[in-house]
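Letter by letter, the chains look like this.
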Amino acid sequence: MNHENGKEMMGSLFGTTPFDFPKSVDYIKKCILLGTQKDGIVLDFFSGSATTAHAVMQLNAEDGGHRKFIMVQLPEETDEKSEAFKAGYKNICEIGKERIRRAAKKIHEDNPDATFDDGFRVLKLDDTNMKDVYYAAGDYSQDLVS
């Protein structure tokens, strides 16, 4: 995987690279082409800076596809010494949301005749009301796992 391509892409969108090791959009596009049809849904459980969302929109603009994406990312806080934190991004989710916005704008600029869906929603889960229950291996009995 070419991290330099990912860093260059982030640099062109943000002016700096707020994320240490962004994936290459070209690499992710190849993976999407191998694993989906033009109307597929792409799920990324470890979204990070939202490279996958960027790749889906880029691919849709290039081939007229109607792929959708679902990005999942814990609101992991950015390190106070990181470029991301200095740029105002308090957690990784904020970087991903901004990347989707900026990537969509750039894709529209680079492909003025392309029609693709650049809209997205952000959903946030609330804290659970379930009690945490932890057992040591020796504390399990058959009735607990049935």
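Residues numbered from 1 in each chain as written. Predicted model: local features only at pLDDT ≥ 70, side-chain atom pairs only at ≥ 80, totals over all residues. Heavy atoms only, no water.

Enquirer: How would you explain the overall build of the protein if you had to name every residue and give the values?
Expert: Secondary structure summary: the protein contains 6 helices and 2 strands in total. Starting at the N terminus, the α and β elements of the protein follow one another as α-α-β-α-β-α-α-α. In the protein, 59% of the contacts between residues at least 6 apart in sequence involve partners at least 24 apart. Taken as a whole, the protein presents about 10200 Å² of accessible surface, with 52% of it coming from carbon and sulfur. (Helix = DSSP H or I, 4+ residues; strand = E, 2+ residues; numbered from the N terminus. Contact = heavy atoms within 4.5 Å. Areas by Shrake-Rupley, 256 points an atom, 1.4 Å probe, with all protein chains shown as cover.)

Enquirer: Kindly report on the nonpolar core, identifying the contributing residues and their values.
Expert: Of all hydrophobic cores here, the largest spans 19 residues; its most connected members are Ile 32, Met 57, Phe 69, Ile 100 and Phe 116. Of the residues forming this core, the biggest block, 6 residues, is contributed by helix α3 (residues 51–63). Every residue in contact with Met 57, bar those within four places of it in the chain, is listed here: Phe 69, Ile 100, Ala 103, Ala 104, Ile 107, Phe 116, Asp 117 and Asp 118. (Core = buried A, V, L, I, M, F, W, Y, C linked by side-chain atoms within 4.5 Å. Buried < 20%, exposed > 50% of the residue type's maximum accessible area, 1.4 Å probe, protein only.)

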